[in-house]
Structures are given as C-alpha cells and as structure tokens.
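# Architecture and fold: a report
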Amino acid sequence: MRVLPPAARGFVLCAVLAALACTAPALTDSAAPWPAVTLLAVLYLGCELVRHCPLPGRRASEGIGSFFPVALAAVFLLPPAAAALVALPGGLAATVAQRPAGVRRVWHGAQQSLGAWAAGQAFGLLGGPAALGGGPAAGSAPPAWPADLPGAMLPATAAAAVFCLVITALDGGILAAAERRPAATAWHGLVPLTLAAHCVHGLAGLMMAVMWRSPYGVPAALLVLLPMYVSCWVFAQYHREHAAHQATIRALVQAVDIKDRYTRGHSERVGQASTMIARELGMAEDRLEVVRFAGILHDVGKIGVPTRLLRKDGPLTPQERRIIELHPEYGHEMVRGIGFLGEARSAILHHHERVDGTGYPYGLTGEQIPVLARVVAVADAFDAMTSTRSYSRARPVPTALAELERCAGAQFDPAMVRALTAAVGRHGWHPVVTSDDDLQVIGDPAPAGVPGPAVRGPAARNGPVPAAPAPAAGRGGGLGPRGGPRTAGPAARTALRALPAQDAAPPGADGSGSQAPPDGERPGHDADGAGAGA
C-alpha cells in the first residue's frame with residue numbers, strides 16, 4: 001500500500017469496506033443457501049485458477065480466467081449479498097502482473113463483489129427471480145415452475161450492464177487516483193470496450209442459471225462452462241498473437257531508434273498522428289490499427305542505411321541522398337513477409353510519394369498513391385516540423401499546419417491535411433512519446449521580432465521543387481500509371497542483401513533523388529528529400 005499515492009490507498013480502502021458491507025448480510029443470514037453459495041464460489045475460483053493449468057503439451061494460456069458467466073449466474077440464482085460473496089474468491093485469485101500483487105488481488109476481489117452486489121440488486125428490482133422460476137436457489141432442487149426465458153432476458157441484460165458499469169467505474173476511479181489522470185481521460189473508452197463482452201457473459205450466465213433450475217440440475221448447468229472455456233481459450237490465443245505482433249513492432253522500432261538516435265520517438269508519434277487522421281476520415285476500427293502500424297514502421301528501412309549517413313552533421317551529397325532515398329524500398333523488403341501488416345506495407349513503400357508525381361521511389365501521382373501512404377506522408381511531415389532536431393528548431397503546431405496546407409495539392413493530399421487540421425483542432429496535439437532529443441513545441445508562435453526556425457526542404461520555399469527522374473534501375477516495382485500494385489524490385493532486394501551493417505554504402509545503389517537542401521542548411525539525420533516532411 002505504501003507504493004500507492006494516498007488518494008489511491010483511500011480509494012482501495014473504501015472499496016474494500018463497501019465490499020465487506022455488501023457481503024455481511026450473507027454471512028449473518030442463517031437462511032442463506034450455503035450449498036449453492038459454496039458450489040458457485042468454488043466453481044468460480046476454479047475457473048479463475050484454470051489459467052495456471054496448461055493443456056497437455058502447452059503452456060498456460062494468458063487471458064483465460066475471470067469467468068464472469070459464473071459470477072453472473074450467481075447474480076441470477078442468489079440474493080445480492082450471497083452473489084457478492086461468490087465473486088470474492090475468484091477476484092482474490094486473479095493473476096496480477098504488477099506490484100503490489102497483494103493489494104491488486106484485494107482490489108479485484110472488492111471490485112467484483114461490488115459489481116455482483118449491484119447487478120443482483122438490479123436483477124431483483126426488474127423481477128428477474130420471478131421470471132427465472134422461483135426464489136433463490138437452495139441447492140440443486142428443481143423449480144416449482146419453468147422459467148420464463150424471454151421475460152428473464154431484460155433483467156439479465158440489465159444486470160450484466162450494471163455489473164460492467166460498476167467494474168469499469170471502479171477501474172476508472174483507481175486509474176484517476178493512482179496515476180493522477182483527469183477523470184474524463186481515465187474513464188474514456190472503458191465502457192464501449194467491455195459492455196458487449198459483459199452482455200455475452202450475462203447471456204451465458206443466464207443459460208447456466210436456467211439449466212441449474214431445470215430438472216437436469218447442476219450437472220447440466222456445468223456443461224455451459226465448456227463452450228465458454230473454449231471461447232476464452234480462442235480469445236487467449238488471439239490475445240497472445242496480438243501481443244506477439246506488438247512485440248514485433250516494438251523490436252523493429254527500437255532497432256531504428258538505436259541506429260538513428262536523433263529521431264527517437266518519431267515513429268510512435270507518426271503512428272499517433274496517422275491514427276488521428278484515419279479516425280477523422282471515418283476509417284473502420286480494424287483499419288486504424290493498420291494505419292498505426294504503417295506510421296510506426298514507415299522509416300524501418302533506415303536500418304538498411306549506413307549509420308554514417310543517418311548521423312552525418314554536414315550537408316548530404318547527391319549520391320548520399322540517393323542512398324537514403326532507398327529506405328522505403330528497404331523497409332518494404334524487410335516487412336513484406338509479415339502478413340498481419342496488410343496495407344501498412346504499401347504505406348511504408350510509398351510514404352515519400354508526392355501527389356504531383358515528383359516524389360520517390362516510383363513517382364506516383366494523386367490517386368495512384370495508396371491511401372495509407374498519403375496519410376502517413378502528412379503525419380510524418382507534421383511531426384518532423386513540430387520536433388526539435390539537431391539541425392532545426394521545432395515549429396509551433398499552427399505554423400506546421402499552415403505549412404502543410406500551403407503544400408497541399410502539390411506534395412500532400414489536401415483531404416489528409418484537412419483531416420489532420422480538424423483532428424488537431426478538436427483534440428489538440430499531445431504526443432504520447434517524446435525524448436530528450438526530440439522535444440515537442442506546442443506553444444504559440446515566436447514573439448514579434450524573433451526569427452522563427454528555418455523551414456526545411458522544398459515545402460519551405462516558393463512551391464515544390466521537382467525531383468530528378470529516377471533511373472530505371474531504381475524502379476523495380478510500384479504502381480505504374482496503368483499498372484496494378486507490385487512489390488519492390490530486384491534492385492532494392494539486391495541492395496538490401498548486399499548492404500553492410502554499418503558504414504559502407506552499397507555499390508551502385510540508386511534511387512530517385514530529390515533536390516538537395518540549400519547551401520548552409522544541415523540536412524540532419526533523417527534527411528531523405530521529403531520536403532516539409534523530411
């Protein structure tokens with residue numbers, strides 16, 4: 001408890017005292033249905049502990065546990081105080097990954113007890129026990145009359161919703177108290193993510209309660225748990241696969257950050273800005289994650305660029321710039337075998353294309369450029385301009401947005417720029433990842449008389465600067481004016497395989513070159529000829 005802030009300790013203590021008050025009537029009631037309470041409590045505890053028992057030949061699956069159908073079946077079968085008592089052992093046995101483990105287990109037990117008690121109260125107020133077929137369960141005795149299943153659906157759904165609301169409200173409260181988050185931020189998104197799952201658990205719990213009161217008794221009720229276990233196991237596999245995807249992304253990003261230390265945190269911020277644009281455009285939730293992956297991994301190809309070029313302090317020569325401009329093809333080659341990235345692969349390959357056709361690596365124009373690549377291009381430019389680098393100061397957010405709007409139609413897709421402007425105007429720009437070398441400037445423009453930071457690349461000048469045409473060797477794939485999507489060409493794959501680990505440039509490396517920075521400008525460690533989005 002000492003590691004928690006005083007507000008969090010007080011919150012946990014109040015929850016524990018409230019849970020004890022909810023369970024006390026069951027402990028003092030001589031008429032409590034103890035056989036049913038004991039059986040359901042042991043069953044709920046066993047369902048929670050099953051996550052520690054691996055299947056033969058397999059390790060224990062993460063994510064299996066917290067069998068809310070059992071707790072909700074207790075809500076439907078028992079008085080509220082007894083249902084709160086049933087939920088207590090399972091909550092205390094919950095697996096915790098962070099310290100203090102004991103306090104977290106006590107918290108989970110109190111949280112689930114309060115949720116079960118509140119759900120039981122709602123179920124009783126809506127006439128659920130009568131619709132289910134009699135009073136509280138007294139064991140496995142058959143009911144006096146059959147259950148009114150359609151009539152029990154409404155109170156059961158309401159009880160599951162109340163259980164969800166109490167659990168999530170307490171979760172938000174402890175987050176606000178322990179991490180000093182604003183209340184609105186702590187509760188944001190919790191209910192939509194859990195309400196549907198709790199309603200499904202409530203339906204399974206209702207089926208279990210109906211079978212419990214049927215002539216078939218407790219054995220039939222226990223059979224309901226088998227498909228629920230299978231469902232939870234499948235979900236656990238999905239959870240593990242998703243965690244593996246996240247670990248893959250983190251490993252790739254860390255490799256880029258270690259090699260290009262001056263842009264540390266840039267990848268995560270581009271992923272954040274890309275997600276804001278995609279959400280503003282109304283993209284589906286499953287596509288938002290692909291957009292985020294695309295933003296995070298857009299510069300992964302820099303792993304294949306010699307370190308001496310990424311960390312060079314002086315201006316880049318045209319040949320060095322052409323080598324750096326191969327990084328989209330390197331990145332596409334690196335991730336082409338990672339199936340879960342989907343559309344993100346095309347965004348990695350094409351995020352430096354320009355809508356006027358002067359970008360690289362393939363000089364695509366307008367709608368030929370994949371949608372996600374156009375999203376990432378704007379997000380990349382926005383973060384580059386609002387980040388302090390060794391070669392340029394960060395610009396205020398309004399200035400960066402104005403520069404993006406000025407370059408819209410030539411370098412950037414105007415729809416993507418409008419979406420970012422609207423999203424930042426509505427939610428602000430609060431980067432979730434920063435670093436000592438990559439500070440964010442969110443404030444007002446520089447005071448009058450103080451010169452602002454230099455604008456880097458073609459976007460800083462009077463109009464776009466056309467890129468040099470790419471030699472045929474650098475155009476091994478892509479999307480031609482009349483062709484379909486293609487993978488990166490043999491030149492990029494050969495260069496990627498032949499490239500030494502650090503400083504040696506690949507012999508004969510080629511690509512489409514943009515105009516070099518003006519004399520005296522330090523192109524920086526992420527220089528790649530991207531104009532405003534360098």
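Just so it is clear, the model here is predicted, and its values are computed rather than measured. (Residues numbered from 1 in each chain as written. Predicted model: local features only at pLDDT ≥ 70, side-chain atom pairs only at ≥ 80, totals over all residues. Heavy atoms only, no water.)

### A closer look at the packing of aromatic side chains
- For the coordinates displayed, the defined rule picks out five aromatic pairs.
- Look at F11 and W107: their rings are 5.7 Å apart centre to centre, the planes differ by 45°, and that puts the pair in the tilted class. Remark: W107 occurs in helix α5 (residues 101–125) and F11 occurs in helix α1 (residues 6–28); sequence separation between them is 96 residues.
- Each ring, one from F382 and one from W429, has its centre 5.2 Å from the other, and the planes form 75°; the classification is edge-to-face. Of this pair, F382 sits in helix α18 (residues 371–385) while W429 is found in the loop between α20 (414–427) and α21 (490–498), placing the two residues 47 residues apart along the sequence. (Phe/Tyr/Trp six-rings, centres within 6.5 Å; stacked < 30°, edge-to-face > 60°. Helix = DSSP H or I, 4+ residues; strand = E, 2+ residues; numbered from the N terminus.)

### Quick word on the nonpolar core
- Within the largest apolar cluster, 52 residues are counted, with the highest numbers of intra-cluster contacts made by L297, F382 and L404.
- Of all the secondary structure elements, the ones that give two or more residues to this core are α11 (225–259), α12 (266–280), α13 (285–296), α17 (344–350), α18, α19 (397–407) and α20.
- Here this core gets 10 residues from one element, more than from any other, and that element is α18.
- Those residues within four positions of F382 in sequence are excluded, and the remaining contacts are V397, A400, L401, L404, L420, V424 and W429.
- In this structure, L78, V86, A87 and A209 belong to the second largest nonpolar core, which totals 43 residues. (Core = buried A, V, L, I, M, F, W, Y, C linked by side-chain atoms within 4.5 Å. Buried < 20%, exposed > 50% of the residue type's maximum accessible area, 1.4 Å probe, protein only. Contact = heavy atoms within 4.5 Å.)

### Digging into the packing of α1 against α5
- As a packed pair, α1 and α5 sit with axes 9 Å apart at the nearest point and diverge in direction by 45°. The angle between the axes of α1 and α5 places the two elements in the oblique class. In this structure, α1 meets α5 at a crossing whose hand is left-handed. Across the interface between the two elements, F11, V12, A15, V16, A18, A19 and C22 from α1 touch V103, V106, W107, A110, S113, L114 and W117 from α5. (Axes fitted to C-alpha atoms, helices over the stretch in contact; angles between N-to-C directions. Parallel < 35°, antiparallel > 145°, perpendicular 65-115°, else oblique. Left-handed = near helix turned anticlockwise from the far one by under 90°.)

### Quick word on the packing of α1 against helix α4 (residues 80–92)
- As a packed pair, α1 and α4 sit with axes 7 Å apart at the nearest point and diverge in direction by 105°. Here α4 runs roughly perpendicular to α1, going by the angle between their axes. Taken together, the residues of α4 that come into contact with α1 (itself represented by C22, T23, P25, A26 and L27) are A81, A82, A84 and L85.
- Here the contact of α1 with α4 is composed, by residue class, of eight nonpolar, one polar and no charged. (Nonpolar A, V, L, I, M, F, W, Y, C, P; charged D, E, K, R; others polar.)

### Some thoughts on the confidence of the model for the protein
- Taken as a whole, the protein shows an average pLDDT of 74; of its residues, 69% reach a score of 70 or greater.
- Within the model, the stretch residues 54–65 combines pLDDT values under 50 with 30 contacts to residues more than four positions away or in other chains.
- Segment residues 135–145 is flagged for pLDDT under 50; beyond a separation of four residues in sequence, or across chains, it makes 24 contacts in the model. (pLDDT = per-residue confidence, 0-100.)

### Details of the pattern of salt bridges
- Evaluation of the coordinates by the stated rule reveals 10 salt bridges.
- The shortest N-O distance in the salt bridge between R269 and D383 comes to 2.6 Å. In this pair, R269 is assigned in helix α12 and D383 in helix α18, connecting sequence segments 114 residues apart. Of the two residues examined, R269 and D383, each falls in the buried class. (Salt bridge = Lys/Arg side-chain N within 4 Å of Asp/Glu carboxyl O.)

### A word on a nonpolar patch on the surface
- On the surface, L149, M153, L203 and M207 cluster together into a nonpolar patch covering about 290 Å² of accessible area.
- Mapped onto the nonpolar patch, the elements with two or more residues apiece are α7 (149–178) and α9 (190–213).
- Tracing the backbone through its elements, the reader meets L203 in helix α9.
- Relative accessible area serves as the criterion here: at 42%, L203 is assigned to the partly exposed category. (Patch = residues over 30% accessible without salt bridge, like charges linked within 9 Å, V, L, I, M, F, W, Y side chains within 5 Å. Areas by Shrake-Rupley, 256 points an atom, 1.4 Å probe, with all protein chains shown as cover.)

### Description of the environment of W429
- For W429, a relative accessible area of 3% gives the class buried.
- The spatial distance from the C-alpha of W429 to the C-alpha of Q272 is 9.6 Å, given a sequence separation of 157 residues.

### What to know about α19
- All of the buried residues along α19 are V397, A400, L401, E403, L404 and C407. All buried residues of α19 lie within an arc of 160° about the axis, which places them on one face of the element.
- For α19, the secondary structure elements touched by its buried residues are α18 and α20.
- In the segment just after α19, G409 is the residue with positive phi, at about 95°. (Arc of directions from axis to C-beta.)

### Remarks on the environment of V253
- Counting through the fold element by element, V253 comes out in helix α11.
- Setting aside residues up to four positions removed in sequence, V253 forms contacts with S267, E268, I296 and L297.

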